[in-house]
Amino acid sequence: MKELDMTVIEKTIKALKSNNMDACFCTNAEEALERVKGLLSEGCSVTHGGSVSLSQCGIPELLKSGAYNYLDRSREGITRDEVEEIYRKAFSCDVYLTSANAVTENGMLFNVDGNSNRVAAIAFGPKSVIVIAGFNKIVKDLDEAFDRLRNVAAPLNTKRLSCKTYCAGTGRCVSLNDPDSKPGDGCKSEQRICCSYMVTSFQRKKDRIKVILVGEELGY
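Residues numbered from 1 in each chain as written. Predicted model: local features only at pLDDT ≥ 70, side-chain atom pairs only at ≥ 80, totals over all residues. Heavy atoms only, no water.

Student: So what exactly am I meant to see when it comes to the layout of surface pockets here?
Tutor: Over the atoms, a rolling probe the size of a water molecule traces out where space has been left empty. Space inside the largest pocket adds up to approximately 870 Å³. Of all the elements in the fold, those that place two or more residues in the lining of the largest pocket are α3 (52-56), α5 (80-89), β6 (109-113), α6 (117-123) and α7 (142-160). Considering each element in turn, the lining of the largest pocket owes the most residues, 5 residues, to α7. Residue composition of the lining of the largest pocket, by class: 15 nonpolar, 16 polar and 10 charged. When its volume is computed, the second largest pocket comes out at roughly 190 Å³. In terms of lining residues, the second largest pocket is bounded by 13 residues, among which Ile122, Ala123, Phe124, Gln203 and Arg208 are the most central. For the lining of the second largest pocket, the secondary structure elements donating two or more residues are α6 and β9 (196-200). Counting residues per element, the lining of the second largest pocket draws most heavily on β9, at 3 residues. (1 Å grid on protein atoms, 1.4 Å probe; cavity = no way out; pocket = protein on both sides within 12 Å on 5 of 7 lines; lining within 4 Å. Points joined across faces, edges and corners; volume = space filled by probe spheres on them. Helix = DSSP H or I, 4+ residues; strand = E, 2+ residues; numbered from the N terminus. Nonpolar A, V, L, I, M, F, W, Y, C, P; charged D, E, K, R; others polar.)

Student: What should I look at first to understand the pattern of salt bridges in this one?
Tutor: Close approach of charged atoms allows side chains with opposite charge to pair. Counted under the stated rule, the structure contains 9 salt bridges. Between Arg150 and Asp147 there is a salt bridge, with its nearest N and O atoms 3.2 Å apart. Of this pair, Arg150 and Asp147 both sit in helix α7, 3 residues apart, which is roughly one turn of that helix. In this structure, Lys206 and Asp207 form a salt bridge, with 3.3 Å as the shortest nitrogen-oxygen distance. Using a relative accessible area of 29% as the deciding quantity, one classes Asp207 as partly exposed. (Salt bridge = Lys/Arg side-chain N within 4 Å of Asp/Glu carboxyl O. Buried < 20%, exposed > 50% of the residue type's maximum accessible area, 1.4 Å probe, protein only.)

Scope: geometric values only; no functional claims are made or implied.
Right, dumping it as structure tokens:
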């Protein structure tokens, strides 16, 4: 189990800020939820990507409170067409909430997506993006980010989503069987979730992206 190291947390926050992203530390999920409340305005339009971390922090319940114009992609009875319409409407939202697959110590966000709606919204569209990530997602560099994806994030998420992929059954990416594989290699399953890769580094619009690092293990 990874141990909380405040020296690493402080280094990562400093690096994120140097890349024009706002960043802060919350000791636990409850503090992170309060931080999000402070970043949301009553009546603002908001939606989010699929995320275990957000659920562990109570974000969906907060957004359902009636205080916000919540585009709920998980509401009962929603159709696939309606979900995809929310994906598109996310680009004009005031706030988009998500987690990250990894956060590097030198201030970069690493995200991988199947449908690509999440990485697209992080990159462009919503006026503000709030990223919540447990300290377990902090990695030294992009090499470690890819390792984390192939050995932790993708296998656990595909298993959670009942995807029929190699990693869901074995706990590791099929690309690891090939010593000559490159980052981004993987299976050809139609249910593969690691299709679009994005590294978020320096931001032209200062503080559009706000990163909340949490002193608890959250998500995968």
